[in-house]
Amino acid sequence: MEDQTELVGKTFVGHYYHLFDNDRASLSSLYQPTSMLTFEGQKIFGVDDISAKFNQLPFDQCRHMISTIDSQPCPSTGGLLIFVSGSLQLAGEDHHLRFSQMFHLIPTPRGSFAVQNDIFRLNYG
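In this report, the structure presented in the accompanying data block is examined. Quantities reported herein were computed from a predicted structural model and do not represent experimental measurements.

### Points about the nonpolar core
(1) Moving on: Ranked by size, the top nonpolar core spans 29 residues in total, and within it Phe12, Tyr16, Tyr31, Phe54 and Phe103 carry the most contacts.
(2) Moving on: Where this core is concerned, the elements lending two or more residues are helix H1 (4–22), strand E1 (31–39), helix H2 (47–55), strand E4 (79–90), strand E5 (97–107) and strand E6 (113–123).
(3) Moving on: Sort the elements by how many residues they give to this core and H1 lands first, with seven residues.
(4) Moving on: If we ignore the near neighbours within four places in the chain, the residues touching Phe12 are Leu30, Ile82, Phe103, Leu105 and Val115.

Pasting the structure below:
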């Protein structure tokens, strides 16, 4: 039986990548003004700039395939750390790109979670 941390992690990951693949503009609802994204080494602060980064990516469609999800509770914040590995395929491309992504989720006053920190890297080699 899955523990609550693993269940929340898997649920969040499914929701996040569903939005990314189907309605990328809606990802902004998962971030907040204090959120930070590191995307391939580029540090981006705040929900508005993070949303702009997602909307400026040089592709319109992609599909994520998740290989692993590891989740840990973060007692100091009441949140979760989630590490994801998988691959993504861009529309019209035959090859898949391997990636890793880490999320730090923190609780919100309305009883859900927001992404406080997000680190994304493509894995080459």
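Further notes follow.
### Things to note about unusual backbone geometry
(1) Moving on: Here Glu40, not a glycine, exhibits a phi torsion of approximately 55°, which is positive.
(2) Moving on: As for its position among the elements, Glu40 is in the loop between E1 and strand E2 (42–45).

### Describing the packing of aromatic side chains
How two aromatic rings sit relative to each other is set out by the distance from centre to centre and by the angle between their planes.
(1) Moving on: Scanning the model with the defined rule gives eleven aromatic pairs in all.
(2) Moving on: Ring plane angle 70° and centroid distance 6.4 Å describe the contact between Tyr17 and Phe103, whose orientation is recorded as edge-to-face. Placement of Tyr17 in helix H1 and of Phe103 in strand E5 is noted, with a sequence separation of 86 residues between them. The same class applies to Tyr17 and to Phe103, which are both buried.
(3) Moving on: With 4.9 Å between their ring centres and 10° between their planes, Phe39 and Phe120 make a pair best called stacked. Here Phe39, found in strand E1, pairs with Phe120, found in strand E6; they are 81 residues apart in sequence, far enough to count as distant.
(4) Moving on: Residue Phe39 is classed as buried on the basis of its relative accessible area, which comes to 15%.
(5) Moving on: On the basis of relative accessibility, which here comes to 7%, the residue Phe120 falls in the buried class.

Conventions we followed
Residues numbered from 1 in each chain as written. Predicted model: local features only at pLDDT ≥ 70, side-chain atom pairs only at ≥ 80, totals over all residues. Heavy atoms only, no water. Core = buried A, V, L, I, M, F, W, Y, C linked by side-chain atoms within 4.5 Å. Buried < 20%, exposed > 50% of the residue type's maximum accessible area, 1.4 Å probe, protein only. Helix = DSSP H or I, 4+ residues; strand = E, 2+ residues; numbered from the N terminus. Contact = heavy atoms within 4.5 Å. Phe/Tyr/Trp six-rings, centres within 6.5 Å; stacked < 30°, edge-to-face > 60°.

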